[in-house]
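What the coordinates show
Now for the letters of each chain:
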Amino acid sequence: MADWTKKITKAVGGDIAADEQLEDGLFLNPSGTTTGLMARQMGGLVGAAIAGKVQKNRSEASELVTDSGLAAEWPEHPVVVGLTGRRMILWSHSQMSGKPKEKVGEIALEQVAGFDVEKNKATYAATIRFTDGTAKVLEAPKIQNKPERFAASFARLTGR
């Protein structure tokens, strides 16, 4: 498993303020990314059947997704997320090395009402709920992440 905290610190540590500490890191894909990849890789009817089964097992939390408010500000591409005591910082990542690259956004923790994860077959569903009532459902691939640790770090830092 990737240690995203170490990767973030090494690759883009300068994006973290001197008075902040990186508490945790996570790699997130837009919801449905893994299903699409499986269908393309398996091809034909077999791929469609497997992808359909994975899609069926996805979290009911996907009904929370909105394309307005704070949720709409979340990038529609894979991101590396760094968690500090004040904010979530978002970076693009290199597809070749997997390293975080360029800062693409940040969200103050006071704007995040909750961060929940649910274990699915090939991924974790990660739901970020915002204080404006919107939410974003994303995927954390199992092979690259420790989303339950990230959620615990979020809860410890925010009390939510």
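For the structure given in this document, a descriptive report is provided here. (Residues numbered from 1 in each chain as written. Predicted model: local features only at pLDDT ≥ 70, side-chain atom pairs only at ≥ 80, totals over all residues. Heavy atoms only, no water.)

1. Looking at the overall build of the protein chain
Each helix and strand counted, the protein chain has 4 helices and 7 strands in total. Helices and strands appear in the protein chain in the N-to-C order α-β-α-α-β-β-β-β-β-β-α. Evaluated residue by residue, the protein chain yields a buried proportion of 44% over its 160 residues. As displayed, the protein chain offers around 8300 Å² of accessible surface, 51% of which is attributable to carbon and sulfur atoms. (Helix = DSSP H or I, 4+ residues; strand = E, 2+ residues; numbered from the N terminus. Buried < 20%, exposed > 50% of the residue type's maximum accessible area, 1.4 Å probe, protein only. Areas by Shrake-Rupley, 256 points an atom, 1.4 Å probe, with all protein chains shown as cover.)

2. Description of the sheet that holds strand β5 (residues 112–119)
Spatially, β4-β3-β2-β1-β7-β6-β5 is the arrangement adopted by the 7 strands of the open sheet, whose pairing is antiparallel. Looking at strand neighbours, the two that pair on one side only are β4 (100–108) and β5, the edges of this open sheet. For this sheet, the mean angle separating the axes of adjacent strands, direction not counted, is 35°. Two strands pair when backbone bridges link them, and strand β2 (residues 79–83) and strand β3 (residues 87–93) are joined in this way by 4 bridges, in the antiparallel orientation. Bridge pairing in β3 places V80 opposite W91. Lying over the sheet, helix α4 (residues 147–158) contacts β1 (24–30), β2, β3, β5, β6 (123–130) and β7 (135–141), oriented at roughly 155° with respect to β5. (Pairing = 2+ DSSP bridges. Axes fitted to C-alpha atoms, helices over the stretch in contact; angles between N-to-C directions. Contact = heavy atoms within 4.5 Å.)

3. Structural notes on the packing of aromatic side chains
Tallied over the full model, the rule gives 3 aromatic pairs. A centroid spacing of 5.6 Å and a plane angle of 15° characterise the contact between W4 and F27, whose relative ring orientation is stacked. On the criterion of sequence distance, the pair formed by W4 in helix α1 (residues 4–12) and F27 in strand β1 is long-range, its members being 23 residues apart. Exposure remark for F27: the relative accessible area of 4% places this residue in the buried category. Its end group placed over the ring of W4, K7 keeps NZ or CZ at 4.8 Å from the ring centre. (Phe/Tyr/Trp six-rings, centres within 6.5 Å; stacked < 30°, edge-to-face > 60°. Lys NZ or Arg CZ within 6 Å of the ring centre and 35° of its normal.)

4. Description of the pattern of salt bridges
Inspection of every chain in the model, using the stated rule, returns 9 salt bridges. A salt bridge links E23 to R156; the nearest nitrogen and oxygen atoms lie 3.1 Å apart. Residue E23 is located in the loop between α1 and β1, and its partner R156 is located in helix α4; the two are separated by 133 residues in the primary sequence. Between D24 and R149 there is a salt bridge, with its nearest N and O atoms 2.9 Å apart. Note that D24 is positioned in strand β1 and R149 in helix α4, a separation of 125 residues in sequence. Counted as one network, the salt bridges with shared partners bring together D19, E20, R86, R87, K103 and E106. (Salt bridge = Lys/Arg side-chain N within 4 Å of Asp/Glu carboxyl O.)

5. Details of the pairing of β2
Among the 5 residues in β2, 5 count as buried, and that is most of the element. Burial of β2 is two-sided: the residues V79, V81 and L83 facing one way and the residues V80 and G82 facing the other way are all buried. Relative to β2, β1 runs antiparallel, the two sharing 5 bridges. Note that in β2 the partner of L28 across the bridge is V79. Counting the residues that bridge the hairpin from β2 to β3 gives 3 residues.

6. What about α4?
In this model, α4 (12 residues) spans 16 Å end to end at C-alpha, consistent with the 16 Å of a helix rising 1.5 Å per residue. Summarising the contacts, the buried residues of α4 are in contact with β1, β2, β3, β5, β6 and β7. Of the residues flanking the end of α4, it is G159, one or two places downstream, whose phi is positive at about 75°. (Expected span 1.5 Å × (residues − 1).)

7. Considerations on the pairing of β7
Burial runs high along β7: 7 of the 7 residues are buried. On β7, burial covers both faces: A135, V137, E139 and P141 on one face and K136, L138 and A140 on the other are all buried. The pairing of β1 with β7 spans 2 bridges and is classified as antiparallel. In the sheet register, P30 faces β7, and the bridge partner there is L138. Inspection of the sheet shows β6 paired to β7 by 7 bridges, in the antiparallel sense. Following the sheet pairing, A125 is matched in β7 by E139.

Interpretation in functional terms is not warranted from these geometric data alone.
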